[in-house]
Amino acid sequence: MRLEGKMKLGFYPLPVIEAGRIRQFLRYPANSCAAIDPCIGDGKAFAEITRDAPVLRYGIELDAYRADQARGAGHEVIHSDAFDIQCAVESFGLLYLNPPYDFEWSEDQNRRTEKTFLGQFYQWLNPGGVLVFVLPGQRLEVCDRLLAMQFRDKRIYRLSAPDSAKYGQVVVFATRRARRERDRLRDSDVIKACGLLGEMSRNWKELPTLPDQPDAFYSIPDGGPVSLVYHGLPIDEIEDVLPKSAAYRQASPILFCPMKRVKGRPLTPLHAGHLALLAVSSGLDGIFGSGQSRHLAAWRCVKVTDHSEEVEEDGTIIQRDRERFANELTLLFSSGEITTLR
């Protein structure tokens, strides 16, 4: 995962318009049912998926700010790492899963986080419960065996909203098999299903887009309240008391080294490369000017894609994309005006 993605803790929210289309595929019971989102984020997508239904909404979120946002949307949210939560198996009627898109590194094995999250949380789903799984289309293959063995009535659609298309997202609808159904599965059936999922993974761009009007319905079984138990460290309390600890005071000069102020002229003229390094390392950030021209300047490095076309002698058009890094300067003036220069 890129640095920007890690700063967001792998948060790639589902566009609300796609969540509204997903909602049309779901049929909720007249009585209450329980639904869980282990990566709830700000809770907007989960709220849309469970809109106008008698649902007990549970969520888990690692980021404290987004956890508060999700609580404000009416969800019961635990601020925690999802893997520090314990829950009785087969407790929920609906599992909405949009996990981080990354690799998990360990001494024993390396695997995609999409597979790790699915392998952990599908067990919380009741037999007959509904899975709504959002992931990059090319990663369907890494989850093929779990989807083939544990779920039936699978339907997969490509998401067409701009933010979804950017990450190649697809949505999987499926119903969890009961134990008796799994026992009756033949190896040939599993191999065939895995092969089909692998083909979809390689050709995910050819999948049908998620329609505005559903062509199938998934009925969610009813259920009552669910108990989620947190066995991890109290993150909020630790964040509050950590600055007061002796160890933090000793480490703070290293962790938060004060910026050095250097005055005077350089020994030799600065070249463009020197200025670029100073800019993207925040060496040229600060407050400049006076009066109406007083402004705050902030530099950063951004990736830019240049598009070009070449026409061959036979009339063939060749399109080329070249990625490069550029310096971007953002100016915030005292009047509130913001200008970005690249």
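Up top is the structure.
Procedures and definitions
- Residues numbered from 1 in each chain as written.
- Predicted model: local features only at pLDDT ≥ 70, side-chain atom pairs only at ≥ 80, totals over all residues.
- Heavy atoms only, no water.
- Helix = DSSP H or I, 4+ residues; strand = E, 2+ residues; numbered from the N terminus.
- Buried < 20%, exposed > 50% of the residue type's maximum accessible area, 1.4 Å probe, protein only.
- Contact = heavy atoms within 4.5 Å.
- Lys, Arg positive; Asp, Glu negative; His and termini not counted.
- Charge placed at Lys NZ, Arg CZ, Asp CG, Glu CD.
- Core = buried A, V, L, I, M, F, W, Y, C linked by side-chain atoms within 4.5 Å.
- Pairing = 2+ DSSP bridges.
- Axes fitted to C-alpha atoms, helices over the stretch in contact; angles between N-to-C directions.
- Patch = residues over 30% accessible without salt bridge, like charges linked within 9 Å, V, L, I, M, F, W, Y side chains within 5 Å.
- Areas by Shrake-Rupley, 256 points an atom, 1.4 Å probe, with all protein chains shown as cover.
- Salt bridge = Lys/Arg side-chain N within 4 Å of Asp/Glu carboxyl O.
- Disulfide = S-S within 2.5 Å.
- Phe/Tyr/Trp six-rings, centres within 6.5 Å; stacked < 30°, edge-to-face > 60°.

Participant: Let's hear about the overall build of the chain: which residues, and what values?
Facilitator: Of regular secondary structure, the chain possesses twelve helices and 17 strands. With respect to the three principal axes, the spread of C-alpha positions in the chain is 80 × 70 × 45 Å. Taking all 342 residues of the chain together, 37% fall into the buried category. Considering only residue pairs separated by 6 or more positions, the chain has 66% of its internal contacts joining residues 24 or more positions apart. Charged side chains in the chain number 44 positive and 46 negative. The centres of these two groups are separated by 2 Å.

Participant: Hey, could you go over the nonpolar core for me, with residue numbers and the actual values?
Facilitator: In terms of nonpolar packing, the biggest core is built from 35 residues, with F92, L118, W124, L131, F133, L147 and L228 touching the most fellow members. By residue number, the principal contributor to this core is strand β9 (residues 125-136), which donates four residues. By size, the runner-up hydrophobic cluster in this structure holds 32 residues, among which are A53, Y96, V171 and L210.

Participant: Give a description of the sheet that holds strand β10 (residues 151-158) that names residues and reports values.
Facilitator: The strand order across the open sheet built from seven strands is β4-β3-β2-β6-β9-β11-β10, with neighbouring strands paired in mixed fashion. Bordering the open sheet on either side are β4 (76-79) and β10, each of which pairs with just one other strand. Pairs of neighbouring strands in the sheet enclose a mean axial angle of 15 degrees, with direction left out of account. In the sheet, strand β2 (residues 33-37) pairs with strand β3 (residues 55-61) via five bridges, with the strands oriented parallel.

Participant: Residues and numbers for the pairing of β9, please.
Facilitator: Successive residues of a regular strand alternate their side chains across the two faces of the sheet. Burial runs high along β9: ten of the twelve residues are buried. Pairing of strand β6 (residues 92-97) with β9, which is carried by five bridges, proceeds in the parallel orientation. Bridge pairing in β9 places F92 opposite L125. Inspection of the sheet shows β9 paired to strand β11 (residues 169-176) by seven bridges, in the antiparallel sense. Residue pairing in the sheet places F133 in a bridge with V172 of β11.

Participant: Describe a nonpolar patch on the surface, with residues and values.
Facilitator: Nonpolar side chains collect at one region of the surface, where L270, L275, L278 and L284 lie side by side and expose about 290 Å² of accessible area between them. Position of L275 among the secondary structure elements: in helix α12 (residues 272-280).

Participant: Describe in detail unusual backbone geometry, supporting the description with residues and values.
Facilitator: A positive phi is found at D52, a non-glycine position, where the angle reads about 55 degrees. Here D153, not a glycine, exhibits a phi torsion of approximately 50 degrees, which is positive.

Participant: Could you give an account of the sheet that holds strand β14 (residues 286-288), with specific residues and numbers?
Facilitator: Taken together, the four strands give an open sheet; going across it, the order is β14-β15-β16-β17, and neighbouring strands pair in antiparallel fashion. The two strands at the open ends of the sheet, each matched to only one other strand, are β14 and β17 (338-341). Taking each pair of neighbouring strands and ignoring which way they run, the sheet shows an average axis angle of 45 degrees. Alignment of strand β16 (residues 317-333) against β17, held across four bridges, turns out to be antiparallel. Bridge pairing in β17 links L329 to L341. With respect to the sheet, α12 is in contact with β15 (295-311) and β16, its orientation differing from that of β15 by roughly 120 degrees.

Participant: Go over the pattern of salt bridges, please, and point to the residues and values.
Facilitator: Scanning all chains against the criterion turns up 18 salt bridges. A salt bridge links D306 to R322; the nearest nitrogen and oxygen atoms lie 3.3 Å apart. Here the residue D306 occupies a position in strand β15, and R322 occupies one in strand β16, the gap between them amounting to 16 residues. One connected set of salt bridges, linked through shared partners, spans E18, R21 and D212.

Participant: Tell me what's going on with the state of the cysteines, and back it up with residues and numbers.
Facilitator: In the structure shown here, the tally under the stated rule is zero disulfides. With no disulfide of its own, C87 lies 15 Å from the sulfur of C33, the closest cysteine sulfur. We classify C87 as buried; its relative accessible area is 15%.

Participant: Describe the packing of aromatic side chains, listing the residues and the values that go with them.
Facilitator: In this structure the tally under the stated criterion is twelve aromatic pairs. With a centroid separation of 6.3 Å and an interplanar angle of 10 degrees, the aromatic rings of F46 and Y96 are classed as stacked. In this pair, F46 sits in helix α3 (residues 44-49) while Y96 sits in strand β6, placing the two residues 50 residues apart along the sequence. On the basis of an interplanar angle of 70 degrees and a centroid distance of 6.3 Å, the ring pair of Y122 and F151 is categorised as edge-to-face. Taken together, the residues Y122 in the loop between α5 (113-121) and β9 and F151 in strand β10 connect sequence positions 29 residues apart. Aromatic ring contacts, followed pair by pair, group Y58, F83, F92, F117, F121 and W124 into a single cluster.

Interpretation note: all reported values are geometric properties and have no functional meaning in isolation.
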